[in-house]
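Report on the structure
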Amino acid sequence: MATMDEDIEPPSQASAAQTLDKRRFSRDHRVLNRDEIDNLLATTAGRPFNVIHRLPELKEEGIPYLIPGLPITCRVDNTERYTTRSKVHIGTLYTVTLTHGQFHWTVKRKYKHFEDLHRDLYNHRMMIHLLPIGKFAKERQQLRAMPEEMPSLRGNQRRRMTSSKMKHLEEYLNGLLENRICRNHHSMSDFLSVGTLSFITDLGPKGLEGPIFKRSGGHRIQGLNCIGHHQFCFRWSRRWLVVKDSFLMYMNRDKGRINFVLLFDPEFQVKVGRAYTDTKYGVCIENFTRNLIIKCSSYRQAHWWSHEINRLAATCHFLKVQRFEGFTPPRDSTLTKWYVNGCDYFADLAEALEQAKEEIFITDWWLSPEVFLKRPATDNFWRLDEVLKRKAEQGVKVCVLLYKEVELALGINSGHSKRTLMDMHPNIKVMRHPDHVSSVVFLWAHHEKMVAIDQSVAFVGGIDLAFGRWDDKQYRLIDLGSTEPAKIVTKPEPKEDTDNGLAGPNPSDNEAEEAVDLTGNTKLWLGKDYSNFICKDWVQLDRPFEDNIDRTRVPRMPWRDLSAVLHGRAARDVARHFIQRWNFSKIFKNKYKDHFYPYLLPKSHCSGDTPSFTVPGCKKAKVQVLRSADRWSGGTCENSILNAYLHTIENSQHYIYIENQFFISCTDGKTVYNGIGDAIVNRILRAYREQKKYRVFVVIPLLPGFEGDVSTGGGNAMQAILHFTYRTICRGEQSILSRLSEMEDRWTEYITFCGLRTRAELSQSLVTELIYVHSKTLIADDRCYIIGSANINDRSMLGSRDSELAVFVEDEERIPSIMGGEEYQAGPITLALRKECFSVLLGVASEPSIKIDDPISDDLFFLWWNSAAKLNATIYNKVFCCLPCNTVHNLQELKEYTSQERLCDTDPEKAKEELKAVQGLLVHFPLKYMCEENLLPPLGTREGMAPVGLWT
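Now for a quick tour of the structure. Not measured: the values here are computed from a predicted model. (Residues numbered from 1 in each chain as written. Predicted model: local features only at pLDDT ≥ 70, side-chain atom pairs only at ≥ 80, totals over all residues. Heavy atoms only, no water.)

**Regarding the overall build of the chain**
Here is the rule: Helix and strand labels come from DSSP, where a helix needs a run of H or I of at least four residues and a strand needs a run of E of at least two; each type is numbered from the N terminus. Buried residues are those whose accessible area, probed at 1.4 Å on protein chains only, stays under 20% of the maximum for their type, while exposed residues exceed 50% and partly exposed ones sit between those limits. Contacts are assigned to residue pairs with any non-hydrogen atoms lying within 4.5 Å of each other. Using the Shrake-Rupley algorithm and a 1.4 Å probe, accessible areas are obtained, with residue cover drawn only from the displayed protein chains.
Each helix and strand in the chain was counted, giving 28 helices and 33 strands. The buried share of the chain, taken over its 952 residues, is 59%. Long-range pairs, those at least 24 residues apart, make up 74% of the contacts in the chain with a sequence separation of at least 6. Only carbon and sulfur atoms are counted for the fraction: they give 50% of the accessible area of the chain, which is about 38500 Å².

Next comes the structure, spelled out in structure tokens:
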């Protein structure tokens, strides 16, 4: 069993250290230049936040804990009487209140502590005096002013009044603090309970600090504890505990390394006593992921820690379950902005990344390092990996969390993404999660898409920083460019990857390298970025600039998606979620426990109202960050996105507009459990029974995004998603239309289902392609909207499956508008978003007579929306024999339909004339497609043997 003085580190470090020599960067740069040191010492308002990433260097350089040039004063306020162990002598405990600039804190000290401080400082003075070395000359000069003796409160002094005793101690301590050598001595730091994290402005108030003994174990994560909690199964370690306003952490103070971070959450509580700790004078600190047990020297000290921790945590929002059972409350007056499509989103993100000064957090389902953020690209300046490398070289810490896919099922090659980024600079850290075998997680994914910058600005939504996602409102099908780039030269990439940033002894010699001359380039989608994943899924992502499909023959598939940017406290909420996931992954995966991967600390919300920069065009609204999370994904449980969807639908008064990649809902208690479809049915029936106008707009992709030959029915995965989509909409007793049967055919007055399609001319031939709707958006009543990564299915909504992130935005202002032919007070941000969506989908730019001010008017719903969608579908089917379509009910009809001649081939001129009548992008979703076939995968296939939950 380890002794209490042993420095216990996670056992996995030894094994992790064996592979460090293979990683291109085995450690961060540990050298602080003179300018960096001067910057750390120059400010008197508080330390910069970057200090948390330079703790070992600060320790090596001997940077003082107290801010140079900033006075520190003390006041001995009052005393407490306590009984010593002898049960005879009554001692006095002094309360010392300290002020250092904007920071205020309190410590409690006995007279013995003052004596110990004086002894240590006196010994230091004598040592300096006895060492006749020139460099100590200034110290000797300053230490001469130190008093030889401290005020004695013994003997006749006991008769002094208490106030006189406090005054003498106060004067003595203030005198020491005026001496530079004394105030920076380690014994004074211990006496004042200050450390490297004490005066960092963005970490909030000074908080509580001090030395503790902590017990190993206590994790509520499978595989991280010894069997049982017997005294022989744990070890004690001496650590420095720091408690801030929304988290606590402990560190190895001698080495300047953070060892663990515990975030406050609704399960947070502090318990004192042997009954909870199996330890005399023990304190148990709990949250959702850990029971941290510390040992104190006395009963009084244990209760002091308990009281002060609870006092600091009392104002923390994260201790309570918030609206929608979420982890964070709505944040008023938040600067926010929405994005439709990736064009403006990527451009604003690129500019925001350039503004980063401290940290960049990124998490994606898929990340392509070679994706261009601004287009057309004529050089590599705005390529994602180049942007991140540039910021890393400037000292910004870049932390990236990637979903580690099951490689046999997905080809997103997160290993290539990790190697590419981590080989660039040691300031770029990339983790992949989960390890499917050890986690027993084979079906679920990290599906969220998020970028947070300096914990002050955050981008959230449905757009991965990956190939195929960039698009604008033109939804181009072709991209041949006016000039061809230079020939691409590719070197083979090593196959080795142990998920620890490994790429052989000298990755620069054999990593994948592609050079492409972008001078004069006019292409918007280079290489793999030009995609049609239903025609052919992505392959060979380690060769990013080689085309995946023949762009002279195959049209690309346009990508429609929505995202949002947030500032201030809401952005801090997003960053906190990332930090929770990052620290959880670091604890869970042994290979990430070495010090190359840092623990991250959340900034205090008390300084969150003044972001370091703002994205242009933002307006203020109430914003709440929502998520789906489970123990496997982040060590917590939440499904606030689902609750927000249900609340918004149930409380909507006039309409809801849904754009989503999936539409799988309607609870049956056997295969599908999210109740979004049920909420839509109930809201429509309520409007029908009350004889009130109410509209539901549903826009989903015409086909699921799986590779497959649609002319033969598509692949099994595609058919499985279609099965559950049709089960939700119109097939079976649980479907929406079946449950609206009491309305007979009048359901068409309330709800409409559409997809999107467009056309172009490629190599002198007419072509068409569906627009892939990847959005995850709900708009209600021109006053609020939800944008995020969560699809309408069980995987995204239940919280126990995929991890997701979303934002619920409510307008705080009102502007005049119209609803149902009457005057209406709409929210300006939501109204603008809804109009943008309607304008593009209905083709208002080419037909100004279409009026979209009133979203529930009969003209808009019946004439410009439904009639146009029906006509567009008819024209596309006539010209291109498109799939899916309502005239194909079974495989035999599918074969006959696909074998007939197409008008676009037999009479291109007539086809062009027909296509002139197409208005906008809407086409009705074909509700009768393959209605006579069972679309579930056959049992003998790989898809058929998969659990049903994989598709729902």
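Moving on from the model shown.
**Digging into the sheet that holds strand β4 (residues 208-215)**
Selection rule: When DSSP finds at least two bridges between two strands, those strands are taken to pair. Interaxial angle, 0 to 180 degrees, is taken between N-to-C directions of lines fitted to C-alpha atoms, where a helix line uses only the stretch in contact.
With respect to topology, seven strands assemble into an open sheet ordered β7-β6-β5-β4-β10-β9-β8, the strand pairing being antiparallel. Edge strands, defined here as strands with exactly one partner in the open sheet, are β7 (257-263) and β8 (269-272). On average, adjacent strands in this sheet sit at an angle of 35 degrees to one another, irrespective of strand direction. Two elements, β4 and strand β10 (residues 291-295), share two bridges in a ladder whose sense is antiparallel. Bridge pairing in β10 places F213 opposite K295. Packing against the sheet, helix α10 (residues 299-313) makes contact with β4, β5 (236-243), β8 and β9 (282-286), and its axis sits at approximately 120 degrees to β4.

**Quick word on the packing of aromatic side chains**
Worth spelling out the cut-off: Here the aromatic set is Phe, Tyr and Trp, taking the six-membered ring for Trp, and pairing holds for ring centres within 6.5 Å; pairs whose planes are under 30 degrees apart are stacked, those over 60 apart are edge-to-face, and all others are tilted. We call a charge positioned over a ring when the NZ of a Lys or the CZ of an Arg lies within 6 Å of the ring centre and within 35 degrees of the ring normal.
Throughout the structure, instances matching the rule amount to 41 aromatic pairs. Considering the side-chain rings of Y688 and Y750, the 6.4 Å spacing of their centres and the 80 degrees angle between planes classify their relative orientation as edge-to-face. With Y688 in helix α19 (residues 676-689) and Y750 in the loop between α21 (736-739) and β25 (751-762), this residue pair connects regions lying 62 residues apart in the sequence. Through pairs of rings, three or more aromatic residues link up here, namely Y655, Y657, F697, F838, F861, F862 and W865. A cation over a ring is seen here: R695 above F861, with NZ or CZ 4.5 Å from the ring centre.

**Description of unusual backbone geometry**
Between R375 and P376 the backbone carries a cis peptide bond, its omega angle lying at -5 degrees. The residue P376 is located in the loop between β12 (359-364) and α12 (384-393) in this model. The amide bond that connects L883 to the next residue, P884, takes the cis arrangement and shows omega of 0 degrees. By the element assignment, P884 lies in the loop between α24 (858-880) and α25 (891-899). Despite not being glycine, D781 shows a phi value in the positive range, around 55 degrees. Checked against the element boundaries, D781 lands in the loop between β28 (776-780) and β29 (784-788). For C881, which is not glycine, the phi dihedral falls at a positive 55 degrees. Within the secondary structure, C881 sits in the loop between α24 and α25.

**Things to note about helix α23 (residues 828-842)**
Formally: A helix is expected to span 1.5 Å multiplied by its residue count minus one.
The end-to-end C-alpha distance of α23, which contains 15 residues, comes to 21 Å, matching closely the 21 Å that a straight helix rising 1.5 Å per residue would cover. Of all 15 residues in α23, 11 are buried; the element is thus mostly enclosed. At the exit of α23 stands G843, carrying a positive phi of roughly 70 degrees.

**What about the packing of α24 against helix α27 (residues 908-915)?**
Put simply, the rule reads: Throughout this description, any angle smaller than 35 degrees is read as roughly parallel, any larger than 145 degrees as roughly antiparallel, any in the 65 to 115 degree range as roughly perpendicular, and the remainder as oblique. Classes in brief: Ala, Val, Leu, Ile, Met, Phe, Trp, Tyr, Cys and Pro nonpolar; Asp, Glu, Lys and Arg charged; the others, Gly included, polar.
Running from amino to carboxyl end, α24 crosses α27 at an angle of 170 degrees, the nearest separation of the two axes being 10 Å. By the angle between their directions, the pair α24 and α27 is classed as roughly antiparallel. Contacts between α24 and α27 involve I875, Y876, K878, V879 and F880 on the former and, on the latter, A911, E914 and L915. Among the residues forming the contact of α24 with α27, the class breakdown is six nonpolar, no polar and two charged.

**Description of α19**
The terminal C-alpha atoms of α19 lie 20 Å apart, and with 14 residues this matches the ideal 20 Å at 1.5 Å per residue to within 8%. Counting buried positions along α19 yields 10 of 14 residues, so the element is predominantly enclosed. Turning to α19, its buried residues are I676, G677, D678, A679, I680, V681, R683, I684, L685 and A687. Contacts made by the buried residues of α19 are with α18 (640-651), β23 (655-660), β24 (695-699), α21, β25 and α22 (794-797). Looking one or two places after α19, you find Q691, whose phi comes out positive at around 55 degrees.

**Re the pattern of salt bridges**
Operational definition: When a carboxyl oxygen of Asp or Glu lies within 4 Å of a side-chain nitrogen of Lys or Arg, that pair is called a salt bridge.
Taken as a whole and assessed by the stated rule, the structure comprises 45 salt bridges. The shortest N-O distance in the salt bridge between D573 and R331 comes to 2.9 Å. Of the two residues, D573 sits in helix α16 (residues 568-588) while R331 sits in strand β11 (residues 331-340), which places them 242 residues apart along the sequence. Each member of the pair, D573 as well as R331, carries the same accessibility label: buried. The partner of R795 in a salt bridge is D802, with the nearest N and O atoms 3.1 Å apart. Accessibility assignment for this pair places R795 and D802 in one class, buried. Ionic contacts of the salt-bridge type, sharing partners, join the residues K112, D116, R119 and D120 into one network.

**Remarks on the packing of α18 against α19**
Running from N to C, α18 and α19 cross one another at 10 degrees; their axes reach a closest spacing of 9 Å. In this view, α18 runs roughly parallel relative to α19, as classed from their interaxial angle. Taking contact as the criterion, the partners of L642, Y645, L646, I649 and E650 in α18 are, on α19, I676, A679, I680, R683 and R686. Residues of the contact of α18 with α19, tallied by class, amount to seven nonpolar, no polar and three charged.

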